[in-house]
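Overview (structure and organization)
Listed below are the residues making up each chain.
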Amino acid sequence: MESRAKSMGHAIHPILIVFPLGLLATSVIFDILYLITDRTGFQVSAAYTIAAGVIGGLVAAVFGLIDWSAIPAGTRAKRVGAVHGLGNVVVLVLFAASWLLRRGADNWDPNAGALVCSFAGIVLAGFTGWLGGELVERLGVSVSDGAGVNAPSSLSRRPRARGA
C-alpha cells in the first residue's frame, strides 16, 4: 500500500523520522558523556537535542498517523502500526518528561529521573523503530499498492506469500 502523504514520489513519514530518532539518541550520548566527564556543556546539549527531537517527533507523527489511517482494518499491519505509533508516543512523553525534569536545574543538570526517562525512551525507541522497519520491509506499508498487509512476522521464518 502506498503512503498517503508523499513528497516528490516518496513517503514523508520515513523521511522525517531520522531526525527525531537521531536527535534523541544523540541526547543520550551527551548524557553519557556528561556522566563520564562531568564537563559542563554536555548536559545543555542534551537538553537542546531532546527539545528538537521531541518537536521533530511530533511532526513525523502527524504523517505517520496519516499513513496508518490508510492501512486496512483487521490486518496485521494495522495492529503493528498501532503498537509502533503508541510506543512512539510513549517515547516522546519519556523524553519530554526528561526535558522538564532538567528545566529547573542549574545548567540543565539531569537528575536521576531525567536520566531514567531518557535511557528508557531510547530503549523503547529501538523497539518501535524495529516495528517501523517491520511495517515497511516486511509488510510493505508505504511501499506499493501490492504490499502484503497480512504477511507473517519477519521473526517467524515463514515466507511472505505473493500478494499477501
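The structure this text deals with has already been given above.
Residues numbered from 1 in each chain as written. Predicted model: local features only at pLDDT ≥ 70, side-chain atom pairs only at ≥ 80, totals over all residues. Heavy atoms only, no water.

1. Quick word on the environment of F42
Our working definition: Going along the chain from the N terminus, every DSSP run of H or I of four or more residues is numbered as a helix, and every run of E of two or more is numbered as a strand. In this description, contact between two residues means that some pair of their heavy atoms is separated by no more than 4.5 Å.
Locating F42 in the fold gives a position in helix 3 (residues 42-69). In sequence terms F42 and W108 are 66 residues apart; their C-alpha atoms lie 9.5 Å from each other. Not counting the four nearest positions on each side in its chain, F42 is found in contact with F30, L33, Y34 and T37.

2. Side note on the packing of aromatic side chains
Applicable threshold: Pairing of aromatic rings covers Phe, Tyr and Trp, the last through its six-membered ring, and needs centres within 6.5 Å; plane angles under 30 degrees mean stacked, over 60 mean edge-to-face, and all others mean tilted. Remark: a charge is flagged as sitting over a ring if the NZ atom of Lys or the CZ atom of Arg is within 6 Å of the ring centre and within 35 degrees of the ring normal.
All chains considered together, the criterion is met by three aromatic pairs. Judged by centre distance (5.4 Å) and plane angle (45 degrees), the ring pair of W99 and W108 falls under tilted. An aromatic cluster of three or more residues is present, and its members are Y48, W99 and W108. The cationic tip of K78 hangs over the ring face of W68; the distance from NZ or CZ to the ring centre is 4.0 Å.

3. Brief notes about helix 2 (residues 18-37)
The line we're drawing: To estimate the expected span of a helix, count its residues, drop one, and scale the result by 1.5 Å.
Taking 1.5 Å of rise per residue, the 20 residues of helix 2 would be expected to cover 28 Å, and the 28 Å separating its terminal C-alpha atoms lies within 8% of that figure. Tucked inside the fold, the buried residues of helix 2 contact helix 1 (12-16), helix 3, helix 4 (76-103) and helix 5 (112-138). Just beyond helix 2, the residue with positive phi is D38, at close to 60 degrees.

4. So, the environment of N107
Counting through the fold element by element, N107 comes out in the loop between helix 4 and helix 5. Put simply, N107 and A47 are 60 residues apart on the chain and 9.5 Å apart in space, counted from C-alpha to C-alpha. The contact partners of N107, leaving out residues within four places of it in the chain, are T40, Q43 and V44.

5. Comments concerning the pattern of salt bridges
Just so we agree on the cut-off: Salt bridge criterion: a side-chain nitrogen from Lys or Arg within 4 Å of a carboxyl oxygen from Asp or Glu. Relative accessibility under 20% of the residue-type maximum defines a buried residue, over 50% an exposed one, and the middle range a partly exposed one, all with a 1.4 Å probe and only protein chains included.
Under the defined criterion, the tally for this structure stands at two salt bridges. D31 serves as the salt-bridge partner of R102, at 2.6 Å between the closest nitrogen and oxygen. With a gap of 71 residues between them, R102 in helix 4 and D31 in helix 2 connect regions that are remote in the sequence. For D31, a relative accessible area of 0% puts it in the buried group. The salt bridge partner of E134 is R76, with a shortest N-O separation of 3.0 Å. Of this pair, E134 sits in helix 5 while R76 sits in helix 4, and the two are 58 residues apart along the sequence. One exposure class covers both E134 and R76, and it is buried.

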